[in-house]
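The residues making up each chain are set out below.
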Amino acid sequence: QVQLVESGGGLVQAGGSLRLSCAASGRTFSSYAMGWFRQAPGKEREFVAAITGSGRGRNYADSVKGRFTISRDNALNTVYLQMNSLKPEDTAVYYCAADDDVALVTTRSGQGVDFWGTGTLVSVSS
């Protein structure tokens, strides 16, 4: 089992920045690919970014490319999502996800991913 706890969400003005963190406990962290997903009110959950266990491979949704950066520190069992140039449409609950199959943490909605955090709310005002 892997437990995931997100932090770092909050209210920010458009154009601002936030950094989300996801702390993991349980089995060997570096063996898991990690992903961030988000779900806005009234919408389906969607993929945001993913990173391989080694940290060498990264993938982003087109809507966040150039603005968001995913990274991880395997010594701290933590994955991060640096969010810059935030827009009101980035408002959502952001979820951290973990799976030993990197393909699953890059799917459109994260269907089939083994482990999820409880989410952290990001609100961007215009």
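Anything mentioned here points back to the structure above.
Description of the structure in this document. Everything numeric in this text was worked out from a predicted model, so none of it was measured. (Residues numbered from 1 in each chain as written. Predicted model: local features only at pLDDT ≥ 70, side-chain atom pairs only at ≥ 80, totals over all residues. Heavy atoms only, no water.)

### Notes on the sheet that holds strand 8 (residues 78-83)
On the basis of which strands lie adjacent, the open sheet formed by four strands has the order 1-3-8-7 and antiparallel pairing. Each end of this open sheet is capped by a strand with a single partner; those strands are strand 1 (2-7) and strand 7 (68-73). The sheet shows a mean angle of 15° between the axes of neighbouring strands, direction not considered. Pairing of strand 7 with strand 8, which is carried by six bridges, proceeds in the antiparallel orientation. Across the sheet, residue I70 finds its bridge partner in strand 8, namely L81. (Pairing = 2+ DSSP bridges. Helix = DSSP H or I, 4+ residues; strand = E, 2+ residues; numbered from the N terminus. Axes fitted to C-alpha atoms, helices over the stretch in contact; angles between N-to-C directions.)

### Observations concerning the pattern of salt bridges
Inspection of every chain in the model, using the stated rule, returns four salt bridges. Notably, a salt bridge pairs D62 with K65, separated by 3.2 Å at the nearest N-O pair. D62 gets classed as exposed once you look at its relative accessible area, which sits at 64%. Each of R38, E46, R67 and D90 takes part in a single network of salt bridges with overlapping partners. (Salt bridge = Lys/Arg side-chain N within 4 Å of Asp/Glu carboxyl O. Buried < 20%, exposed > 50% of the residue type's maximum accessible area, 1.4 Å probe, protein only.)

### Observations regarding the side chain of E6
Its location among the elements puts E6 in strand 1. Buried charge without a salt bridge: E6, with R45 as the nearest opposite-charge side chain at an N-O distance of 9.5 Å. A polar contact of 2.8 Å, which involves the side chain of E6, links it to the backbone nitrogen of C96. For E6, the side chain forms a polar contact with the main-chain nitrogen of T118, separated by 3.1 Å. (Lys, Arg positive; Asp, Glu negative; His and termini not counted. Polar contact = N/O pair within 3.5 Å; in protein donor to acceptor, adjacent residues only side chain to side chain.)

### Focus: the packing of aromatic side chains
For the structure on display, the rule yields three aromatic pairs. Pairing Y32 with F115 gives two aromatic rings, centres 5.9 Å apart and planes at 75°, and the pair type is edge-to-face. Of this pair, Y32 sits in the loop between strand 3 (18-26) and strand 4 (33-39) while F115 sits in strand 10 (residues 115-116), and the two are 83 residues apart along the sequence. Grouping residues by exposure puts Y32 and F115 together as buried. With 5.7 Å between their ring centres and 70° between their planes, F37 and F47 make a pair best called edge-to-face. (Phe/Tyr/Trp six-rings, centres within 6.5 Å; stacked < 30°, edge-to-face > 60°.)

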